[in-house]
Amino acid sequence: MAIFVRRIGLVVASAAFLLAVLLFGYDLGVGATSSDKNFASIEEAWKLIHEQYVGLGSVDSNALSQAAIQAMMEVLNDAHSEYMSQSEYEEFINSLMGNSYGGIGAIIASSNGNHIVNKVYQDRPAEKAGLKVGDILLEVDGISTSGMSLSDLIDLVKGEAGTQVNLLVRHQGDSTTTLITITRENIVVPTVELKMYGDIAYLEISHFSVNTNNELGEALIEIDKEGAKGIVIDLRGNPGGFLDVAVNAISRFIKSGVVLTEQKNDGTEVSIKASIQKETTDLPVVVLVNSGSASASEVFCGALQDYGRAVIAGSTTYGKGSINQLYELPDGSAIYLTVSRWLTPNGNIIEGNGITPDYVLEKGTDWIQWAVEFLS
């Protein structure tokens, strides 16, 4: 199933996986405890509640610890640091690691209190059953989605391959509802999709997972076979992903030089250079971006823009220029913590600013057609 919680961020190398990430930040170690008086106060409050509180029988210790952690993250007042429940964390990891799991092959997002189908993957169970982009999910197996969290909805839709799930939906523009029965399959969602518009190749990159660079390499081989004369790369709505994957992807278009600078919390800077890739291209490129393009996707288009390797078109990107680490906690939940900032090759600060496109495209314009015509 391609349903996952889309977070803005970037993931960094962890002791467990040794994978660098920007986004979606990553370290599967458990944070060290502190013995200072502040931590002692937290321990004492916990002890008093569990030993003295008159309503102890109604106390959910798990909920209490989660609330305490969430409160600490909120006090940081950092837009990119947050707490993830166990189910949110699992979905996050599945999306980044490219793991297969029983699902329907669709992405669902929450908007204005509704759960809406944001993407339906080609030749997956959801598409075959008639689920459409824009559908509002009203019930899952007879359970109302009203007031349901996105993570709880995901848990209901997921299941073993071969089993069925019944979705009551309202199609966009319809006043009536439709019941759709979908048979789950083991889903591995591609992050790179290729289409040809004449002699112009169109690549949509949904996010930078562990599989993205390999998928991009395969796409470039196919593009060469098709005799393409230009490439449109669509990063609209791409929330980011693994840093090393983004750097490798950049390196297929920029073969040498610094593609990213990391600014650490002590003020020191580390330059990250392009890596050696087998499949590369010198074709002209247009990159489409919008306010949903964030983190690793901003690293990608920022590098190509600074080197004059691509024309950036669309609207200003999100502005997520921080590097985060994701720390797994003992109960299976996790915290996502900002640990440093990053800059484009020319030293441009992305945090809070985003990437300004070379060409601003108006809403209502067919951006893909614009890019194809620009390259033609």
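Residues numbered from 1 in each chain as written. Predicted model: local features only at pLDDT ≥ 70, side-chain atom pairs only at ≥ 80, totals over all residues. Heavy atoms only, no water.

1. Some points on a nonpolar patch on the surface
Put simply, the rule is: Patch members must show over 30% relative accessible area and no salt bridge, and they are joined within 9 Å when carrying like charges or within 5 Å when they are nonpolar side chains of Val, Leu, Ile, Met, Phe, Trp or Tyr. For the accessible areas, the method is Shrake-Rupley and the probe is 1.4 Å, while residue cover comes only from the protein chains on display. Salt bridges are defined by distance alone: a side-chain nitrogen of Lys or Arg within 4 Å of a carboxyl oxygen of Asp or Glu. Starting at the N terminus, helices and strands are each numbered in turn, a helix being any DSSP run of H or I of at least four residues and a strand any DSSP run of E of at least two.
A cluster of nonpolar side chains, namely Ile49, Tyr53, Val54 and Leu56, defines an oily patch on the protein surface of about 390 Å² accessible area. Structurally, the position occupied by Val54 is in the loop between α1 (37-52) and α2 (61-75).

2. Details of the packing of aromatic side chains
The description of an aromatic ring pair uses the distance of the two centres, along with the angle that the planes make with each other. How we decide: Geometry of aromatic contacts follows a simple scheme: Phe, Tyr and Trp rings, the Trp one being its six-membered ring, pair when their centres are within 6.5 Å, and the pair is stacked under 30 degrees between planes, edge-to-face over 60, tilted otherwise. By definition here, charges over rings are those cases where NZ of Lys or CZ of Arg is within 6 Å of the ring centre and within 35 degrees of the ring normal.
All chains considered together, the criterion is met by 6 aromatic pairs. Pairing Tyr359 with Phe374 gives two aromatic rings, centres 5.4 Å apart and planes at 65 degrees, and the pair type is edge-to-face. In this pair, Tyr359 is assigned in strand β21 (residues 359-360) and Phe374 in helix α9 (residues 367-375), connecting sequence segments 15 residues apart. These aromatic residues form a ring-pair network of at least three members: Phe208, Phe253 and Phe300. Above the face of the Tyr121 ring, Lys119 is positioned so that its terminal group lies 5.2 Å from the ring centre.

3. A look at the confidence of the model for the chain
Under the convention used in this document: Confidence scores per residue from the predictor, reported as pLDDT, run from 0 to 100. In this description, contact between two residues means that some pair of their heavy atoms is separated by no more than 4.5 Å.
In the predicted model, the chain carries a mean pLDDT of 85, and 88% of its residues have values of at least 70. In this model, residues 1-34 is a region of pLDDT below 50 whose contacts with residues beyond four sequence positions or in other chains number 181 contacts.

4. Here's the deal with the nonpolar core
We apply this condition: The definition of a nonpolar core used throughout is a set of buried Ala, Val, Leu, Ile, Met, Phe, Trp, Tyr and Cys residues joined through side-chain atoms within 4.5 Å. When accessible area is computed with a 1.4 Å probe and restricted to protein chains, residues below 20% of their type maximum are described as buried, those above 50% as exposed, and intermediate ones as partly exposed.
If you look at the biggest cluster of nonpolar residues, it comprises 41 residues, and the most contacted ones within it are Phe208, Ile231, Ile233, Val287 and Phe300. Contributing elements (two or more residues each) for this core: β12 (200-205), α6 (212-225), β13 (230-234), α7 (243-250), β15 (258-264), β17 (285-289) and α8 (296-306). Excluding residues within four positions of it along the chain, Ile233 makes contact with Leu203, Ile205, Phe253, Val285, Val286, Val287, Leu288 and Phe300. If you look at the next biggest cluster of nonpolar residues, it comprises 19 residues, including Leu131, Leu137, Val157 and Val165.

5. Brief notes about the packing of α7 against α8
To be explicit about the condition: Only the contacting stretch of a helix is used when fitting its axis, a line to C-alpha atoms as for every element, and angles between N-to-C directions run 0 to 180 degrees. These descriptions rest on fixed angle ranges, namely under 35 degrees for roughly parallel, over 145 for roughly antiparallel, 65 to 115 for roughly perpendicular, and the rest for oblique. Should the near helix be turned anticlockwise from the far one by less than a right angle, the crossing is left-handed, and should it be turned clockwise, the crossing is right-handed. Each residue receives one of three labels: charged for Asp, Glu, Lys and Arg, nonpolar for Ala, Val, Leu, Ile, Met, Phe, Trp, Tyr, Cys and Pro, and polar for the others, Gly being one of them.
The geometry of α7 relative to α8 is characterised by a closest axis approach of 9 Å and an angle of 25 degrees between their N-to-C directions. Between α7 and α8, the angle is such that the two are roughly parallel. Viewed along their axes, α7 and α8 form a crossing whose handedness is right-handed. Each of Ala246, Ala249 and Ile250 in α7 lies in contact with α8, whose residues at this interface are Ala296, Val299, Phe300, Ala303 and Leu304. Here the contact of α7 with α8 is composed, by residue class, of 8 nonpolar, no polar and no charged.

6. Quick look at the sheet that holds β13
Test applied: Only strands that DSSP links by at least two bridges are regarded as paired with each other.
Pairing is mixed in the open sheet, where 6 strands are placed in the order β11-β12-β13-β17-β18-β21. Two strands bound the open sheet, and with one partner strand each, they are β11 (192-197) and β21. With 5 bridges joining them, β12 and β13 adopt parallel strand pairing. The residue of β13 that forms the bridge with Leu203 is Ile233. α6 contacts β11, β12 and β13 of the sheet and is inclined by roughly 20 degrees relative to β11. Along the sheet face, α9 touches β11, β12, β13, β17, β18 (311-314) and β21 and points at about 165 degrees away from the line of β17.

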